[in-house]
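So you can see what is in the structure, the chains are spelled out below.
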Amino acid sequence: MESDDDNGLRCRSRTLPKMPLSFLGLNSSPGESSQGEEQQGNGGTHITSNGKVEVEQMISKKLQLKRKAEHLKSDLMRQFDSQVNEFMDSLIEESASLEPVPVPAVFSPPLSDKERSKLRYHRPRQGQGKQFVNRRSLLDELFEVNHIRTIYHMFIALLILFIISTLVVDFIDEGRLVLDFDLLVYAFGQFPLVSCTWICMFLSVLLVPYALFQLWSQSQSGSCSHPKLWSLLFGSVFLLYQALGLGFLPTYVVVSNSLPPASCFIVILEQVRLVMKAHSYVRENVPRVLAWAKDKTSPGPVVPQVSQYLYFLFAPTLIYRDKYPRNPVIRWGYVATKLLQVLGCLFYAYYVFVRLCIPQFRSISLQLFDMKAMVLCVFNSILPGVLVLFLAFFAFLHCWLNAFAEMLCFADRMFYKDWWNSTSFANYYRTWNVVVHDWLYYYVYRDFLWISQKRFRTAAMLFVFTVSAVVHEYILAICFGFFYPVLFCLFMCFGMMFNFILHDRRKGPIWNIIMWTALFLGQGVIICLYSQEWYAQLYCPLKEPSFLELLKPRSWNCHLQRGVADSDRL
């Protein structure tokens with residue numbers, strides 16, 4: 001046995017290639033050179049006559065393999081990340097839409113027809129509406145990463161520099177520290193009137209739509225004759241309330257009392273929000289009552305309770321549901337943090353306007369407004385425009401909505417998506433403001449397709465853009481006190497064009513760069529033109545303007561009026 005083992009070891013040792021000493025880091029003597037040259041069968045490593053490996057060739061091959069491995073790793077990680085995100089999103093949506101499996105009667109008592117009907121109508125039908133699930137806001141997750149939180153710290157540092165520069169300039173000009181915040185005091189003026197207007201709007205939305213819906217649902221129970229006439233009557237009253245009670249009266253209060261801009265925004269934005277909430281409540285519950293009136297599966301229609309409707313009016317969503325996913329506890333420290341961040345964003349916007357906007361536009365409205373002045377104005381307005389965009393997004397869509405969601409234990413915090421990664425404007429419109437997008441999608445786009453029997457998808461998209469552009473321009477016109485349809489033109493012209501040109505098939509970093517470039521330029525145009533028109537309205541007022549003069553922008557000829565006035569004075 002031992003002799004056989006020894007022979008086997010000798011045979012195996014003969015088949016092993018000789019390892020050169022240089023490979024082990026040991027240099028052989030010059031005289032120890034072997035005869036001939038040995039080459040491996042695959043055409044790989046060459047062993048020279050002196051027993052040394054061609055090091056340069058090995059290093060180059062190793063570097064090539066390393067580069068290929070790095071490229072392959074990055075591609076695999078990118079594909080894996082995208083597939084995991086798509087899988088998790090689809091899994092969440094499917095799990096939320098799954099109906100609970102009925103439990104056999106052995107484990108629980110059977111449900112009555114009334115309880116079964118309530119369970120049926122309390123759930124949205126699969127594929128028929130938005131599914132609410134328990135999820136956090138994206139920035140709350142990203143801020144747990146130190147690299148992303150550093151960007152947040154950079155914005156705080158920029159705010160500190162704005163404060164220091166303002167204090168230093170005021171101290172040099174005035175010889176003292178100026179801490180009166182006169183711009184904020186002016187912007188939020190007449191706040192008691194704003195509070196009274198909001199209370200009246202809220203109470204009317206709480207009482208009128210709910211009472212009208214209750215009366216209409218009773219008229220569909222069969223006790224009243226001609227239910228279609230009752231539907232026409234209650235529908236007309238509801239539309240009249242939407243147009244006059246919520247549409248005309250708050251606008252009249254704002255215009256007749258000349259509320260300052262921030263106070264106007266509070267009233268008008270709440271007006272639009274309550275109109276959308278009332279529409280969603282009626283739109284979601286009318287089909288349930290009509291389905292009950294057709295089947296008569298229970299003694300009476302399932303009508304939401306007052307507490308459910310009241311919760312919906314405060315909830316940070318525009319889609320009505322009887323129940324939403326809820327969190328078990330309220331984190332009051334989180335609420336305080338978000339409200340403080342909203343306050344910080346207000347002061348941030350104050351310093352942006354004081355340092356970057358007011359000094360530039362206070363005198364530019366008196367100058368000749370030609371193409372050169374406009375180009376310089378737009379590019380100088382890009383920085384404050386982008387800062388205002390970021391502040392509006394962070395203050396409202398993240399901090400304000402999350403604070404109310406936390407106080408109401410509202411668990412679905414997807415108020416926005418990763419719009420900053422968009423490579424198309426179509427994706428940007430869907431992810432920038434998910435709350436409003438959901439309302440437009442379910443109640444404008446899908447209802448338009450339902451009315452047209454899914455024949456005019458392009459017309460439905462155009463109708464959505466028109467509604468959004470008209471509402472945005474209405475808000476700015478009422479709050480600023482003049483009609484200058486810059487935002488409407490950007491929505492309907494460039495917004496529609498980019499929506500079809502930069503569509504979802506555009507992928508890659510270059511399209512994200514194009515999207516950001518167009519977004520920056522758009523913000524510069526908005527800040528430039530609206531700021532010029534604001535100061536032109538102050539410097540060149542019209543004593544008895546006609547309707548056409550109210551529609552004509554004052555900034556186009558303000559410098560001419562000022563020149564005539566100065567010459568008359570001389």
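Note that the structure is predicted; figures quoted are calculated from it, not measured.

Engineer: Sorry if this is basic, but what is going on with the overall build of the chain here?
Structural biologist: Regarding its fold elements, the chain presents 20 helices and two strands. Scored against the burial criterion, the 570 residues of the chain give a buried share of 36%. When contacts within the chain are restricted to residue pairs at least 6 apart in sequence, those whose partners lie at least 24 apart make up 74%.

Engineer: Sorry, what's going on with the state of the cysteines here?
Structural biologist: Where two cysteines share a covalent bond between their sulfur atoms, that bond is called a disulfide. Counted according to the given criterion, the structure contains one disulfide. Here Cys489 is not disulfide-linked; the sulfur of Cys493 is the nearest cysteine sulfur, at 5.4 Å.

Engineer: How should I be thinking about the packing of aromatic side chains in this particular structure?
Structural biologist: For any pair of aromatic rings, the description consists of the separation of the ring centres together with the inter-plane angle of the planes. Going through the model one piece at a time under the given rule, you end up with 48 aromatic pairs. Here Trp400 and Phe404 contribute two aromatic rings whose centre-to-centre distance is 5.1 Å and whose plane-to-plane angle is 45°, an arrangement assigned as tilted. Highlighted residues: Trp400 and Phe404, both in helix 13 (residues 382–407), separated by four residues, approximately one helical turn. By relative accessible area, which is 37% here, Trp400 ends up partly exposed. Judged by its relative accessible area of 24%, Phe404 is partly exposed.

Engineer: When you look at unusual backbone geometry in this model, what are you seeing that I'm missing?
Structural biologist: Phi is mostly negative for residues that are not glycine, and the peptide bonds are mostly trans. The residue Gln190 is not glycine, and still its phi comes out positive at about 55°. Structurally, the position occupied by Gln190 is in the loop between helix 6 (182–187) and helix 7 (191–219). With phi around 50°, Ser258 is a residue other than glycine that occupies positive phi space. With respect to the helices and strands, the residue Ser258 is situated in the loop between helix 8 (227–256) and helix 9 (261–295). Assessed through its relative accessible area of 55%, Ser258 is described here as exposed.

What counts as what
- Residues numbered from 1 in each chain as written.
- Predicted model: local features only at pLDDT ≥ 70, side-chain atom pairs only at ≥ 80, totals over all residues.
- Heavy atoms only, no water.
- Helix = DSSP H or I, 4+ residues; strand = E, 2+ residues; numbered from the N terminus.
- Buried < 20%, exposed > 50% of the residue type's maximum accessible area, 1.4 Å probe, protein only.
- Contact = heavy atoms within 4.5 Å.
- Disulfide = S-S within 2.5 Å.
- Phe/Tyr/Trp six-rings, centres within 6.5 Å; stacked < 30°, edge-to-face > 60°.

So far we have only geometry, and geometry alone does not tell us how the molecule works.
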